[in-house]
Amino acid sequence: MRYVLGISGLGQSQPYMRRSFPGLDERVYRLAQGADSAAALVTEDGIVAAAAEERFVRRKGTGEFPRAAIEYVLGAAGITPRDVSAVAHNFDFGRYQTYFESEGAIEEYKHVYAPEVIHRDLFAAFPRELWSDDLKVIPILHHQAHAASALHCSGFGSADVLVADGMGEFESTSLYTGGSQGLQLRGQVRGLHSMGLVYGLVTMHMGFWMNFDEYKVMGLAPYGDPQRLRPAFDTLVVRQNDGRYTTPLTYLNETAQERATYQKSLEHLASVLGPPREPGANLEQRHLDIAAALQAVTQETIVGFLAAHRDEQSSENLCLAGGVALNCVVNQAIRKSGMYRRQFAQPAAGDDGTALGAALMVMEEEERAEVPRRRVRPRIGLPYLGPAFTSERIQATLERTDLRWRRCELNDLVAEAAGLLSDGKVVALFQGRMEYGPRALGNRSILADPRSVEMRDRINSMVKQREEFRPLAPAVLLEYAEQCFEIDDPDEYLWMIETVDVREAWRPRLGAVTHVDGTARIQVVRRKDNELYWRLIDAFRAITGVPVLLNTSFNSRGEPIVCSPEDAVATFSRIDIDAMVMGDHLVSR
């Protein structure tokens, strides 16, 4: 068996920024490249395990070297480092060393980006003697890692692959053709011109955290008027006839500190959009209009880039990855454009997903060297690739608490939990393997009645302790998905990564999960994927006539989704949840 380990993150990026520019606001340090570190392990037969480092060290979005995640994925396979044939990393800055030299940034290169840094971090965490003598440590271009994560998880024999994010090495938007010959680049926006970067900087201008809170701005957009500030945004993002675009504001920074902090870019945003919002300040109408205009420009720019590259080489299938692919509304706009017959967005589309993509890229290249014809891997199901915990481990954890709990047969567990949900109670669900990527998909979830707006407000204010405007997502039974939502193929909506229109007749019945614009970010639940989750929703349907549950991630504000039973108990104990299903245990206060 051949094992390839993929890792993501630039563990020295933020420490170097802190040393170079001390005393900055914590939000500014989040601008350092290389966050969302993760590890993934693949073989010729498929994906063994994958998880983000944040879930183990409990620091959201961390970019530190993914030691704990590596330990997990190796343990999941029952192997040691010596069994790994290659380690693939999600950046390849080595080819750009001369650029850093010409820019007077060679020290930053040596301390953060050089391939030797990854080697040092790897062998500091796991000494060299633990690995095989012929171990290969392989850097992968960032956008290729994103693209491979999508193509090789899509189940498509061939596809167009769109990668859009803040920045790879020196590119922000790439279109590939993926097929028997691997990934062939067809179009790209290079340099600092970046729709993802503009979205992040505007997110920061609005008082949120860049590379954390872009989804909040997406959720705000339907409340605003996209036309009021459209002239301003047309100067921030300049679209060209060939589908490419420029973002002049990202080139305004000259000194090392300005480039690291985007100081001049943020000052320019203030000059054209008005004063920046202080974190936690009230949202004004102009903030809603900023969000609306930003979302509209993003959709038009990304769809326009794709449309300009449609030709005889284009596939009928599209894969999506990169941080912009987590913008569920953009994904819906692409689908509604009709350019592609089938569409797949990689569920771990952010940089944590490039750990998987880097590993798959190396495995595919090794296999292609042996057998020229590419083997089409099956489409990924639900990304339950993280740790699972035994009933005995869960019970031992509960025995150390003062919570009320009891072990139940499956039928009793489902009936009691569904009864609580139908009575307006909020129930956490902790079971099976943890999800890979930012979405909780029934194994680390908080569930509630989807019918009333009041439940949405309770979840946002008391449970999640977050902004009231934030939309919440519905989980719908496969058998009823087309009845409730305007979709054609329910199997395309398993991952809660695309918004759809809620059917008019169902909007009054789904008040907690229908956004102000009549859309919802759905997860279609199939029984074969998750028996307990499916049965909970079906039991709720039997009581209420509604085949949907509100599903949000099991975490409190500012924290990663829970990983272990200890995390689940700690989170349950401090936020307003009424009950918790932990494996075959029912927990209450």
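We now turn to the structure provided with this report. One numbering rule holds for all chains: residues counted from 1, following each sequence as written. A pLDDT threshold of at least 70 governs which residues receive local features in this predicted model, and a stricter bar of 80 or more applies before side-chain atom pairs are shown or counted, although totals over entire chains, interfaces and linings include all residues. Side-chain metrics rest on all non-hydrogen atoms present in the structure, leaving aside hydrogens and water.

**A closer look at the overall build of the protein**
Applied cut-off: The helix count covers DSSP runs of H or I at least four residues long, the strand count covers runs of E at least two residues long, and both are numbered beginning at the N terminus. As defined in this context, the radius of gyration uses C-alpha atoms, and a globule is described by 2.2 Å times the residue total to the power 0.38. Areas reported here follow the Shrake-Rupley algorithm with a probe of radius 1.4 Å; residue values treat only the protein chains shown as occluding.
Per the secondary structure count, the protein includes 22 helices and 22 strands. Computed over the C-alpha atoms, the radius of gyration of the protein is 23 Å, within 12% of the 25 Å expected from 2.2 N^0.38 for a compact globule of 589 residues. Along the first, second and third principal axes, the C-alpha atoms of the protein reach 65 × 60 × 55 Å. Surface exposure of the protein reaches about 22,000 Å², of which carbon and sulfur atoms provide 49%.

**Section: the sheet that holds strand β12 (residues 342–345)**
Spelled out, the test is: Here, a strand pair is defined by DSSP locating no fewer than two bridges between the strands. Working convention: axes come from line fits to C-alpha atoms, limited for helices to the stretch in contact. Angles between N-to-C directions cover 0 to 180 degrees.
Taken in spatial order, the 5 strands of this open sheet run β8-β7-β6-β11-β12, and their pairing is mixed. If you trace the sheet from one side to the other, it starts and ends with β8 (182–190) and β12, each paired once. The average undirected angle you get between the axes of adjacent strands in this sheet is 20°. Pairing between strand β6 (residues 159–164) and strand β7 (residues 171–179): 6 bridges, direction antiparallel.

**Quick notes on the sheet that holds strand β4 (residues 84–89)**
The mixed open sheet is built from 5 strands, whose spatial order is β3-β2-β1-β4-β5. Looking at strand neighbours, the two that pair on one side only are β3 (46–52) and β5 (136–139), the edges of this open sheet. When the angles between neighbouring strand axes are averaged without regard to direction, this sheet yields 20°. Inspection of the sheet shows strand β2 (residues 38–43) paired to β3 by 6 bridges, in the antiparallel sense. Counterpart to Ala38 in the pairing with β3 is Ala52.

**What about helix α1 (residues 13–20)?**
The condition is simple: Summary of the burial criterion: residues with accessible area below 20% of their type's maximum are buried, those above 50% are exposed, and those between are partly exposed, where the area comes from a 1.4 Å probe applied to protein chains only. Within this analysis, the arc is defined by the directions that extend from the helix axis to the C-beta atoms. What makes two residues a contact is simply this: any of their non-hydrogen atoms within 4.5 Å.
Among the residues of α1, Ser13, Tyr16 and Met17 are the ones counted as buried. Along the axis of α1, the buried positions cluster into a sector of 100°, meaning they face one direction only. In this structure, the buried side of α1 is in contact with α2 (26–29), α6 (106–113) and α12 (256–261).

**Considering helix α14 (residues 285–308)**
An α-helix turns once every 3.6 residues. As a result, residues three or four positions apart point the same way. What counts here: To estimate how far a helix should reach, multiply one less than its number of residues by 1.5 Å.
Across its 24 residues, α14 extends 34 Å between first and last C-alpha, which sits within 8% of the 34 Å expected from 1.5 Å per residue. Of all 24 residues in α14, 18 are buried; the element is thus mostly enclosed.

**A word on the packing of helix α9 (residues 195–205) against helix α13 (residues 263–273)**
Where we set the bar: Here is the rule for angles: anything less than 35 degrees is roughly parallel, anything more than 145 is roughly antiparallel, 65 through 115 is roughly perpendicular, and the remaining ranges are oblique. In this scheme the crossing of two helices becomes right-handed for a clockwise turn of the near helix relative to the far one and left-handed for an anticlockwise turn of less than a right angle. For this classification, Asp, Glu, Lys and Arg are treated as charged, while Ala, Val, Leu, Ile, Met, Phe, Trp, Tyr, Cys and Pro are nonpolar and the rest, including Gly, are polar.
For the pair α9 and α13, interaxial distance at closest approach is 10 Å and the crossing angle is 70°. By the angle class used here, α9 and α13 are roughly perpendicular. Considering the relative orientation of α9 and α13, their crossing is right-handed. Facing Leu201, Val202, Met204 and His205 of α9, the residues of α13 in contact are Ser265, Leu266, Leu269, Ala270 and Leu273. Its residues placed into classes, the contact of α9 with α13 shows 7 nonpolar, 2 polar and no charged.

**Observations concerning the pairing of β3**
When a strand is regular, its side chains alternate between the sheet's two faces. Of all 7 residues making up β3, 6 are buried, and the element is well covered by its neighbours. Connecting β2 to the antiparallel partner β3 that follows it, the hairpin turn spans 2 residues.

**Details of the nonpolar core**
Filter applied, for reference: The definition of a nonpolar core used throughout is a set of buried Ala, Val, Leu, Ile, Met, Phe, Trp, Tyr and Cys residues joined through side-chain atoms within 4.5 Å.
Counting 165 residues, the largest nonpolar core has Leu162, Phe233, Ile334, Phe485, Phe554, Ile577 and Met582 as the members making the most contacts within it. Apart from residues no more than four positions distant in its own chain, Met582 is found in contact with Ile394, Leu398, Phe430, Pro565, Ala568, Val569 and Val587.

**Topic: the pattern of salt bridges**
Rules: Here, a salt bridge means any side-chain nitrogen of Lys or Arg that lies within 4 Å of a carboxyl oxygen of Asp or Glu.
For the coordinates displayed, the defined rule picks out 49 salt bridges. Across the salt bridge formed by Arg286 and Glu284, the nearest N and O atoms sit 3.3 Å from each other. Judged by its relative accessible area of 42%, Glu284 falls in the partly exposed class. For Arg526, the salt bridge is made with Asp529, and the minimal N-O distance between the two is 2.6 Å. Residue Asp529 is classed as partly exposed on the basis of its relative accessible area of 23%.

**What to know about the packing of aromatic side chains**
How we decide: For this analysis, a ring pair means two rings from Phe, Tyr or Trp (six-membered ring only for Trp) whose centres lie within 6.5 Å, classed as stacked if their planes differ by under 30 degrees, edge-to-face if by over 60, and tilted for the remaining angles. Our definition puts a charge over a ring when NZ of Lys or CZ of Arg is within 6 Å of the ring centre and also within 35 degrees of the ring normal.
Enumeration according to the criterion identifies 15 aromatic pairs in this entry. Ring geometry for Tyr96 and Phe170: centres 4.9 Å apart, planes at 65°, overall edge-to-face. Remark: Phe170 occurs in the loop between β6 and β7 and Tyr96 occurs in the loop between β4 and α5 (97–102); sequence separation between them is 74 residues. For the cation-ring pair, Arg277 lies above Phe208, with the distance from its terminal atom to the ring centre recorded as 4.9 Å. In this structure, Arg509 packs its charged tip against the face of Trp506, placed 4.2 Å from the ring centre.

**Structural notes on the side chain of His585**
Selection rule: Polar contact is the term for a pair of N or O atoms within 3.5 Å; when the atoms are in protein, one must be able to donate a hydrogen and the other to accept it, and sequence-neighboring residues count only if both atoms are side-chain atoms.
Structurally, His585 can be placed in strand β22 (residues 585–588). One polar contact links His585 to Gln395, side chain to side chain, over a distance of 3.1 Å. Beyond its immediate stretch of four places on either side in the chain, His585 contacts Ser391, Ile394, Gln395, Leu398, Trp405, Arg406, Arg407, Leu413 and Met580.

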